[in-house]
Amino acid sequence: MGLQAQRWVATAWGEPSTWEFVDTDVPEPGPGEATIRVRAAGVNPADAKHVAVPRADRTLPVPIGYEVSGELVAIGPGTRIGSGPASIGDEVLAFRVQGGYATALTVPAEKVFRKPATLAHAEAANLLLAGSTAAEMLEVTGVAAGETILLHGASGAVGASVLQQAALRGARVIGTASERGADRARRFGGLPVRYGPGLAARVRDLLAEAAGPDVRIAAALDAVGTDEAVETSLELVPDRGRIVTIANAARAAEDGFLALAGTRPGSAAFRDAVRPRLIELAERGELVVPVSQTLPLEDAQEAHRVLAQGRAGGKLALVP
């Protein structure tokens, strides 16, 4: 018999206010599986987005949550986790799982990795979704050393990871942010610029000041999806193959630039492949996860209210 646990599930399509916190049995792990006692679950917009409306690839009820950090409490026979051999009690993180908003869950062992000792559970539970998204945005736009890029949404979770990973590539980032978010952008090496009317002109002025009058924006990465972000990107970057969005697929299709989503096969394969590198960067202190708040697991709906307001100031984590 497996563990007894609690978890959040969507029993109907709609807002987080409709989710239910239920008791559940956690099955014992079979070959190729592992059971994790959850110490923190990462909170991401996709957790709510993917159960907001009916989807062909989902059947209700849908367990909520894609990434966790915790301890191994059981391992299937002859099973190794994604990072290699493992033992009961090891601290681990897991990404691209289903049902992470739980006290415990059984998952494919290939999705489980040793947690860096340098990361608290709340940080580890928020490392890979934002980190792999940021890595893919930089990869598909071919950002290289010496280039200056424009990032829309520099103070958000994906934005903070883009800033750090771009710096490791040797690229300069001008990032849009509110006045309150500007300090967060600076913390990770970005050059903040206020969004709003006149954005393109302000970007040009800041670019000339930082890099010289002959330098141009090489690529634009959009993590907010506003029409302003799209129009500014199109105005400043002539090569639409170097413009990418994770938040406005409709405009990408209309205007002929790139759109990413973790559910697409190519994105899923890339994000799975990049996990070990991101964990290594975090272990070396080269990739920081800014966590602004932890909430009890039973307050998942409140966490999404905070997230929807756009003022979290960093990642949120749910703690059983």
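The name that an unreviewed UniProt entry assigns to the protein chain is NADPH:quinone reductase-like Zn-dependent oxidoreductase, with the source organism given as Microbacterium resistens.

Trainee: Tell me about the overall build of the protein chain, residues and numbers included.
Mentor: Helices and strands together make up the secondary structure of the protein chain, namely 10 helices and 16 strands. Relative to a compact globule of 320 residues, whose C-alpha radius of gyration would be 20 Å, the protein chain shows 20 Å and is just as compact. The principal-axis extents of the C-alpha atoms in the protein chain amount to approximately 70 × 40 × 35 Å. Within the protein chain, buried positions represent 52% of all 320 residues. Of the contacts made within the protein chain by residues no fewer than 6 positions apart, 67% connect residues no fewer than 24 positions apart. Looking at the protein chain as shown, the accessible area adds up to about 13800 Å², and 50% of this sits on carbon and sulfur atoms. Here the protein chain contributes 32 positive and 37 negative side-chain charges, whose respective centroids are spaced 3 Å apart.

Trainee: Explain the sheet that holds strand 4 (residues 62–63) to me, and be specific about the residues and the numbers.
Mentor: Taken together, the 3 strands give an open sheet; going across it, the order is 2-1-4, and neighbouring strands pair in antiparallel fashion. In this open sheet, the two strands that pair with only one neighbour each are strand 2 (20–26) and strand 4. Relative to strand 4, strand 1 (residues 3–10) runs antiparallel, the two being bridged by 2 bridges. Residue pairing in the sheet places Val9 in a bridge with Pro63 of strand 4.

Trainee: Can you lay out the packing of aromatic side chains for me, pointing to particular residues and giving the numbers?
Mentor: Under the definition given, this model contains 2 aromatic pairs. Pairing Trp19 with Tyr101 gives two aromatic rings, centres 6.2 Å apart and planes at 65°, and the pair type is edge-to-face. One end of the pair, Trp19, is in the loop between strand 1 and strand 2; the other, Tyr101, is in the loop between strand 6 (91–95) and strand 7 (104–108), and 82 residues separate them in sequence. Both residues of the pair, Trp19 and Tyr101, count as buried.

Trainee: How would you summarise the environment of Ser132 if you had to cite specific residues and measurements?
Mentor: Secondary-structure assignment places Ser132 in helix 3 (residues 128–140). The exposure class of Ser132 is buried, given its relative accessible area of 0%. Residues Ser132 and Arg277, 145 residues apart in the sequence, show an inter-C-alpha distance of 9.7 Å. Excluding anything up to four places from it in sequence, Ser132 contacts Phe95, Phe270, Arg271, Val274 and Leu278. Separated by 2.7 Å, the side chain of Ser132 and the backbone oxygen of Leu128 make a polar contact.

Thresholds applied
- Residues numbered from 1 in each chain as written.
- Predicted model: local features only at pLDDT ≥ 70, side-chain atom pairs only at ≥ 80, totals over all residues.
- Heavy atoms only, no water.
- Helix = DSSP H or I, 4+ residues; strand = E, 2+ residues; numbered from the N terminus.
- Rg over C-alpha atoms; globule rule 2.2 N^0.38 Å.
- Buried < 20%, exposed > 50% of the residue type's maximum accessible area, 1.4 Å probe, protein only.
- Contact = heavy atoms within 4.5 Å.
- Areas by Shrake-Rupley, 256 points an atom, 1.4 Å probe, with all protein chains shown as cover.
- Lys, Arg positive; Asp, Glu negative; His and termini not counted.
- Charge placed at Lys NZ, Arg CZ, Asp CG, Glu CD.
- Pairing = 2+ DSSP bridges.
- Phe/Tyr/Trp six-rings, centres within 6.5 Å; stacked < 30°, edge-to-face > 60°.
- Polar contact = N/O pair within 3.5 Å; in protein donor to acceptor, adjacent residues only side chain to side chain.

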